[in-house]
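# Notes for the structure review
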Amino acid sequence: MKYILSTFLSLLALVSLAQTVTVGPDEAELDGIRRKGLSVLVELDKKVVDKAWIKKLKEAGRADVSKTGSITVRPAVLPGIAGAMGATAFGRTDQGPKGTRVFLAVDLGTEVVDAAHNAWEELRKYLYDFAQQSYRDDLNAQITEADKAVDGAVRQNESAQDEAQSIKRQIERNANERNRLIRQMKENEAELYKLKADSVQNRINQSATFDDIQRLRKIVEDKKAKLATY
């Protein structure tokens, strides 16, 4: 069951990862400055994406996060601009109706990376790969949670089976005890019948013994009376 569910979720992950991920030119206001760059829509919760995006940009250099949530990386080492010592990367995430927009802008000091720049395609792939990895990580997390749920269900099932065996043993013990009590009751009934019969016989014996005593006493009295005549 666990293997089947994991396989199903893995196939689901492959299907989901095949969805269209579009990276295109975009503009965003970061700390009061309008910047040109590029963005991608990740159809996941902003908290999850924001955490992953900050972690990703920290790989490019020292990342500072402002109070408004904008991220500044200076100097930034990114694909296509690795040799640009004065490069600064700006990023942020914004929650939208369909998911989270991930924005990236790169300022080389003398120019801004736009669609006409040689590094554009590298940065586009950078965002594209980030979106794909975000989906992959999310699905892996879902698979992990599903596996935990299966493990929990397996443990509950095993516990239920153990309980069923325990109940079965209790039923058997109860049935055996019931049979023992029935046998004991029958034995008690037979013993009671015998005791009643013994009681009747005892009364008969007592009556006979009393008659014998009376007869023997009369004989003794008669003997004594006869002896007195001599």
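All residue numbers refer to positions counted from 1 along the written sequence of the respective chain. Under the rules for a predicted model, residues below a pLDDT of 70 receive no local features and side-chain atom pairs below 80 are neither given nor counted, while totals for whole chains, interfaces and linings still include all residues. Think of the side-chain values as coming from all heavy atoms in the structure, minus any hydrogens and water.

### With respect to the packing of aromatic side chains
Pairing of aromatic side chains here covers Phe, Tyr and the six-membered ring of Trp, requires ring centres within 6.5 Å, and sorts the geometry by plane angle: under 30 degrees stacked, over 60 edge-to-face, intermediate tilted. Summed over the entire model, instances satisfying the criterion amount to two aromatic pairs. Among the aromatic residues, those joined into a ring-pair cluster are Trp-53, Tyr-126 and Phe-130. Above the ring of Phe-90, the side-chain terminus of Arg-35 is found at 3.6 Å from the ring centroid. Here, a charge over a ring is recorded when the distance from Lys NZ or Arg CZ to the ring centre is within 6 Å and its angle to the ring normal is within 35 degrees.

### Quick look at the side chain of Arg-35
Going along the chain from the N terminus, every DSSP run of H or I of four or more residues is numbered as a helix, and every run of E of two or more is numbered as a strand. Of note, Arg-35 is situated in strand β2 (residues 33-42). Burial classification: accessible surface area is computed with a 1.4 Å probe over protein chains only, and a residue below 20% of its type maximum counts as buried, one above 50% as exposed, and the rest as partly exposed. Neither His nor the chain ends is counted toward charge; the positive residues are Lys and Arg and the negative residues Asp and Glu. When a carboxyl oxygen of Asp or Glu lies within 4 Å of a side-chain nitrogen of Lys or Arg, that pair is called a salt bridge. One buried charged side chain, Arg-35, makes no salt bridge at all; its nearest oppositely charged neighbour is Asp-107, positioned 4.2 Å away.

### Observations regarding the sheet that holds strand β4 (residues 71-73)
Being paired, for any two strands, means DSSP has found at least two bridges between them. With antiparallel pairing, six strands are arranged side by side in an open sheet as β1-β2-β6-β5-β4-β3. Two strands lie at the open edges of the sheet, namely β1 (23-30) and β3 (63-65), each paired on one side alone. Between one strand and the next, the sheet's axes are offset by a mean angle of 30 degrees, whatever the strand orientation. Note: β4 against strand β5 (residues 88-95), three bridges, orientation antiparallel. Residue pairing in the sheet places Val-73 in a bridge with Ala-89 of β5. Note on definitions: a residue-residue contact is assigned when non-hydrogen atoms from the two residues lie within 4.5 Å. Here an axis means a line fitted to C-alpha atoms, over the contact stretch when the element is a helix, while the angle between two N-to-C directions is reported on a 0 to 180 degree scale. With respect to the sheet, helix α3 (residues 120-228) is in contact with β1, β2 and β6 (100-107), its orientation differing from that of β2 by roughly 45 degrees.

### Looking at the confidence of the model for the protein chain
Scored by pLDDT, the protein chain comes out at a mean of 87, with 90% of its residues at no less than 70. What pLDDT reports is the predictor's confidence in each residue, on a scale of 0 through 100. By mean pLDDT, helix α1 (residues 2-17) is the weakest element of the protein chain at 51, and β6 is the strongest at 97.

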